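Here are the chains, one letter per residue:
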Amino acid sequence: MKCQNCGAESTGALCPKCSAEQSEIPIPASFFSPEESAGRHTFTLSDDAGSSGGFTITAASLQIEAVSPETPEASAPLPELDLPQTPKPAPKQPVPAPEPPKQPAPAPRRTSAAPPAASAAAEPIQTPQGFYLVPYDESLWATLSRIRHRWLLPVLVGIIFIAGMTFGIMMAKSAAKKQPSADNTAVTTAPQDSPAPSLMAAAQLKLYFSQELLPKYGYLPSGSEISAEAEGVLSVFCADKRMTMLRVEADTLKIEQYQYENDKIKALDPVDFPELSKAVANSEQEITIIGNASGIFFGERCIAESGLGTAESDPPATLCVCRKISADSVSYTDLTGIRDDVGDASDWEGQYIRLVRSIAAELPQDDSGCYRFVQIDGDDIPELEIRLSHSDGTASAQLYTFADNAPQLLTTEADAAAYECAPAQNCYRETLNIGSGTGYNWYHIADGKAVCDHTERMTAEDGEWIYYLDGEPCPSDMFYNKTDPDASVLEKNPEFTPIR
């Protein structure tokens, strides 16, 4: 048979000329000759095969196509072989061939649909070999793109971020725990960089005293002779965020303290010192009530272990001086200065508040109410209006003025529902509930009493509206055009405080 590599005649597994390995099934060279024109050709196995037999190839089963080396095309499918059913011979061990010359690097992959099929005689395609200089991208993104395990990048960034945050928190906590290197001084003795928090707390505490405590208890006269049964506030002292109030009730000195925390005022546990007048009468000299960071002292006797909220290094603060005047009278002098900071609310406010609380205590559970202070007559003391809402859907109102050292009721109608006023002009209007209509009474205040100036009524009778001015019927145009008094000067949307 003919060698498929060099064309030399060969009868073995290796070409004697080029040592190329031949096909295990020998094909005679005459089969490829153009003179062969038989329709079929029979091949017999060689003597080395170890068995007899062969196979036949018909010309009709072959597809011959000329392929140019310059225009390689896809190789034709292999022909179908009509092989006889003969047992396969045992494979023959090939003779080791000499080491072939090194082949050039494989050519780059083609993008065409089918790889080229070169002819046996075509020269192998030469591939360029050697080293090449290419530009190297040193940008950050290009460097990161060359990393093999890119998923590690977000993990690494997250670990660095968490480690940094943890270190910062630990440093902040460590700095917060450091104490100033003072000689065991309490925290309150350290100087403050800004007094704003303490000033804010003191202002809120004094405001609470003036609005809630002083109207309820009132001041006890300072420096004047009073009976042993007198009641009221002796003194009030504010330091840092704590307020201490001394007051007398039923011959008992009550020590009440309030703390300002988180924008709220919290009452601390009170302390009672009973038989105050007896303790004062037992001493022929003045007794001073003082306080410091460790407690409050009546003379040399500690009557409260809760201090004033001052620093331990601050000197004691004098709160009050007590004197015996006679067997039945004493004198207390306030030395805290609270009466200068929070002026005397006069007794009208305390009495108004006690009146509101007494009405709230008698109000049924299903009813509600509110109150407000309103200036009507223009004097230094305002009037008090109380509005109540009842469970049956009705409403009622009461108006008081302060005269003869006591609240005086100005309400003249039992069905009064609300009051409106022209501030500081001594003019107000009373709204009435009168069945199917509406009624108004106009008043002013004289000598602590209500004086009626004008009345208005409009009611539905037999399907028609009837209008009255000062008790007399009048046309509707006259009723609506009356301008004396003028309703446009009345206040709008007054604000109220719930009574409970």
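Residues numbered from 1 in each chain as written. Predicted model: local features only at pLDDT ≥ 70, side-chain atom pairs only at ≥ 80, totals over all residues. Heavy atoms only, no water.

Observations concerning the nonpolar core
(1) Moving on: Ranked by size, the top nonpolar core spans 27 residues in total, and within it Leu-253, Ile-289, Phe-298 and Tyr-332 carry the most contacts.
(2) Moving on: Among the elements that line this core, the one with the most residues is strand β12 (residues 317-324), at four residues.
(3) Moving on: Ignoring sequence-local partners within four residues, the contact set of Leu-253 consists of Leu-234, Leu-246, Arg-247, Val-271, Asp-272, Phe-273, Leu-276, Ile-289 and Ile-303.
(4) Moving on: Residues Tyr-352, Ile-359, Leu-384 and Tyr-400 belong to the second largest nonpolar core, which totals 15 residues. (Core = buried A, V, L, I, M, F, W, Y, C linked by side-chain atoms within 4.5 Å. Buried < 20%, exposed > 50% of the residue type's maximum accessible area, 1.4 Å probe, protein only. Helix = DSSP H or I, 4+ residues; strand = E, 2+ residues; numbered from the N terminus. Contact = heavy atoms within 4.5 Å.)

Structural notes on the sheet that holds strand β17 (residues 406-409)
(1) Moving on: What the five strands build is an open sheet, ordered β17-β16-β15-β14-β24; its pairing is antiparallel. Two strands bound the open sheet, and with one partner strand each, they are β17 and β24 (497-498).
(2) Moving on: As defined by bridge partners, strand β14 (residues 368-374) adjoins β24 across two bridges and the pair is classed as antiparallel. Directly across from Tyr-371, in β24, lies its bridge partner Thr-497. (Pairing = 2+ DSSP bridges.)

Some remarks on the side chain of Asp-367
(1) Moving on: When you line up the elements, Asp-367 lands in the loop between α6 (346-362) and β14.
(2) Moving on: Look at Asp-367 and you get buried, because its relative accessible area is 9%.
(3) Moving on: When near neighbours in sequence (up to four residues on either side) are disregarded, Asp-367 contacts Ser-389, His-390, Ser-391 and Arg-500.

So, the sheet that holds strand β11 (residues 301-304)
(1) Moving on: Across the sheet, six strands lie side by side as β3-β13-β12-β9-β10-β11; this open sheet has antiparallel pairing. Unpaired on one side and paired on the other, β3 (225-227) and β11 mark the two borders of the sheet. Sheet twist, expressed as the average angle between the axes of neighbouring strands with direction ignored, equals 30 degrees.
(2) Moving on: Two strands pair when backbone bridges link them, and strand β10 (residues 296-298) and β11 are joined in this way by three bridges, in the antiparallel orientation. In the strand pairing of β11, Phe-297 is matched with Cys-302. (Axes fitted to C-alpha atoms, helices over the stretch in contact; angles between N-to-C directions.)

Notes on the pattern of salt bridges
(1) Moving on: Counted under the stated rule, the structure contains ten salt bridges.
(2) Moving on: Between Arg-372 and Glu-491 there is a salt bridge, with the nearest N and O atoms lying 2.6 Å from each other. With Arg-372 in strand β14 and Glu-491 in the loop between α7 (476-481) and β24, this residue pair connects regions lying 119 residues apart in the sequence.
(3) Moving on: Note that Arg-387 is salt-bridged to Glu-385, the shortest N-O span being 2.6 Å.
(4) Moving on: The class for Arg-387 is partly exposed, based on a relative accessible area of 23%.
(5) Moving on: A relative accessible area of 0% means that Glu-385 is categorised as buried. (Salt bridge = Lys/Arg side-chain N within 4 Å of Asp/Glu carboxyl O.)

Brief notes about unusual backbone geometry
(1) Moving on: Here the phi dihedral of Asp-240 falls at roughly 55 degrees; this positive angle occurs in a residue that is not glycine.
(2) Moving on: Positioned with a positive phi, Asp-263 is a non-glycine residue whose angle comes to about 60 degrees.
(3) Moving on: Mapped onto the secondary structure, Asp-263 falls in the loop between β6 (252-261) and β7 (264-267).
(4) Moving on: The exposure class assigned to Asp-263 is exposed, which follows from its relative accessible area of 66%.

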